[in-house]
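Structural features, examined
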Amino acid sequence: MTPKVARFLADHQPATPCLVLDIDRVEANFRALRAALPLARVYYAVKANPAPQVLGRLVALGSSFDAAGAEEIDMCLAAGAAPAAISFGNTIKKVSAIAGAHAAGVSLFAFDCEEELAKLARHAPGARVYCRIAVENAGADWPLSKKFGTTVERARELMQMAGDLGLDPYGLSFHVGSQQTDPTSYEAAIGRVAMLFTDLRDAGVRLRMVNLGGGFPVRYRDEVPTVDMFGHAIMRAMTRAFGNDLPEMLIEPGRFIVGDAGVVSAEVVLVSRRTTNDPLRWVYLDIGRFGGLAETEGEAIRYSIATPHDGGPTGPVAIAGPTCDGADVMYHHSNYRLPTALTCGDRVELLATGAYVTTYASQRFNGFAPLAEHYI
Ligand SMILES: *Cc1c(COP(=O)(O)O)cnc(C)c1O
């Protein structure tokens, strides 16, 4: 938790549940990533946290943006981003959104199949396009490999087709999976992309860009490699693959930029045991799976939790949300322990919850309001 967030919570005791996010930490994270990969242009993945305060600060820092649909593009433009600084990075786009983006001056689009390429040729003629390759997502706590991307062989055909359709075959992209904890995952993906660059050059198609996607991890319960380690691994692989003929490099960080800038402050609603002698306590908070903690699905993302009794004796707990839905359990099998003194009414903090929380909150499930947000 940043000192600014701690001070805000202490001074204001805002109603729970709420997210408090330190915009200066967003800036620090952006600068750290840019320092680790100075040759890469940063396209912030808007879905991680689209708050105007976040987008506005990133615009001021010269960031570009990876948007998934018409609404995210509008949010970027409203925050002051130039259309040329926006990539329409979703491989699944409505025709109306493609046409709208094209009309607004967005000229960079992702795709991963022939059908989407045809839509782009028709509704964004002449646009720069990049093809997403499916790569190994091992090492990622939140994988993205099944739904997106095509094979190297198919990408080769598609990029040739792109030129024939009047589009600009600009580059290739991949995503090694979100909360990726293994820097070598980028190296393997870069190797595949580089081979395709060579193949296509031999076929007369000169690509100019590699989009390395996101995936840079945040420290939750477990230690993760530093962003400098990722930077070194990526530059080593890029240099090995491309020599001194490096293509333009894009990165699309989401989680890393906003994750550790935010803290969710929550209240303990109930602490109970199923039976008198059960060692396991159930801790119910006023935020759960439907209040924004969607990434606890499968206990994939394991947040650290701070309590007023930290330092005292602890015992095993399951941690759940406040709704009447059986799926509203965050942690049951991940060996969470919390202080035995924890009790109803205590305020707890879920740390590093600035990414993928506010927008995942349901509207009014069981009547609970969407997560309140404070940007400081
Ligand atoms: C979600 C997403 C990102 C951001 O990933 P992080 O793991 O949060 O850095 C980047 N690119 C694309 C295409 C995405 O869908």
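Relevant structure appears above.
Residues numbered from 1 in each chain as written. Predicted model: local features only at pLDDT ≥ 70, side-chain atom pairs only at ≥ 80, totals over all residues. Heavy atoms only, no water.

Take helix H8 (residues 184-202) next. Look at H8: 28 Å from first C-alpha to last across 19 residues, which is about the 27 Å you get at 1.5 Å a residue. Of the positions making up H8, those classed as buried are Ser185, Tyr186, Glu187, Ala189, Ile190, Val193, Ala194, Leu196, Phe197 and Leu200. Where H8 is buried, its residues touch helix H7 (152-164), strand E8 (168-173), strand E9 (178-180), strand E10 (209-211) and helix H9 (227-242). Following H8 by one or two positions, Gly204 has its phi on the positive side, about 90 degrees. (Helix = DSSP H or I, 4+ residues; strand = E, 2+ residues; numbered from the N terminus. Expected span 1.5 Å × (residues − 1). Buried < 20%, exposed > 50% of the residue type's maximum accessible area, 1.4 Å probe, protein only. Contact = heavy atoms within 4.5 Å.)

Taken together, 13 residues surround the ligand, and among them Lys47, Ser178, Glu252, Arg255 and Tyr356 come closest. Within the side chain of Lys47, one N or O atom sits 2.8 Å away from an oxygen atom of the ligand. The protein chains hide 92% of the 390 Å² of surface that the ligand would expose on its own. More than half of the atoms of the ligand fall within 2 Å of the grid points belonging to the largest pocket. Of the residues belonging to the shell around the ligand, the class tally is 3 nonpolar, 5 polar and 5 charged. (Near = heavy atom within 4 Å. Polar contact = N/O pair within 3.5 Å; in protein donor to acceptor, adjacent residues only side chain to side chain. Areas by Shrake-Rupley, 256 points an atom, 1.4 Å probe, with all protein chains shown as cover. 1 Å grid on protein atoms, 1.4 Å probe; cavity = no way out; pocket = protein on both sides within 12 Å on 5 of 7 lines; lining within 4 Å. Sits in = over half its atoms within 2 Å of the grid points. Nonpolar A, V, L, I, M, F, W, Y, C, P; charged D, E, K, R; others polar.)

Here the structure, examined in full by the defined rule, presents 17 salt bridges. Notably, a salt bridge pairs Arg57 with Glu27, separated by 2.8 Å at the nearest N-O pair. Of the two residues, Arg57 sits in helix H3 (residues 52-60) while Glu27 sits in helix H2 (residues 23-36), which places them 30 residues apart along the sequence. The class of Arg57 is partly exposed, set by a relative accessible area of 25%. Of the charged contacts in the structure, one is a salt bridge between Asp168 and Arg208, with a shortest N-O distance of 2.7 Å. Taken together, the residues Asp168 in strand E8 and Arg208 in the loop between H8 and E10 connect sequence positions 40 residues apart. Given the relative accessible area of 36%, Arg208 is considered partly exposed. One salt-bridge network, in which partners are shared between bridges, spans Lys4, Asp22, Asp24, Glu27, Arg31 and Arg57. (Salt bridge = Lys/Arg side-chain N within 4 Å of Asp/Glu carboxyl O.)

Moving on, we come to the nonpolar core. Residues Tyr44, Val54, Phe109 and Phe174 are the most contacted members of the largest nonpolar core, which totals 103 residues. Ranked by the residues each element gives to this core, the list is headed by H8, at 8 residues. If you look at the next biggest cluster of nonpolar residues, it comprises 7 residues, including Leu108, Tyr130, Met209 and Leu250. (Core = buried A, V, L, I, M, F, W, Y, C linked by side-chain atoms within 4.5 Å.)

Volume-wise, the largest pocket comes out at about 800 Å³. In this structure, the largest pocket is lined by 37 residues; those nearest its centre are Lys47, Arg132, Leu144, Phe148 and Tyr356. Taken together, the residues of the lining of the largest pocket sort by class into 16 nonpolar, 12 polar and 9 charged. Structurally, the lining of the largest pocket is a two-domain feature, drawing no fewer than three residues from each of domain 1 (50-253) and domain 2 (260-375). (Points joined across faces, edges and corners; volume = space filled by probe spheres on them. Domains from an automatic or database assignment.)

Glancing now at the packing of aromatic side chains. Enumeration over the complete set of coordinates arrives at 10 aromatic pairs. Aromatic pair Trp282 and Tyr284: ring centres 6.1 Å apart, planes at 20 degrees, arrangement stacked. In this pair, the class of Trp282 matches that of Tyr284, namely buried. An aromatic cluster of at least three residues, connected via ring pairs, comprises Tyr186, Phe216 and Phe230. (Phe/Tyr/Trp six-rings, centres within 6.5 Å; stacked < 30°, edge-to-face > 60°.)

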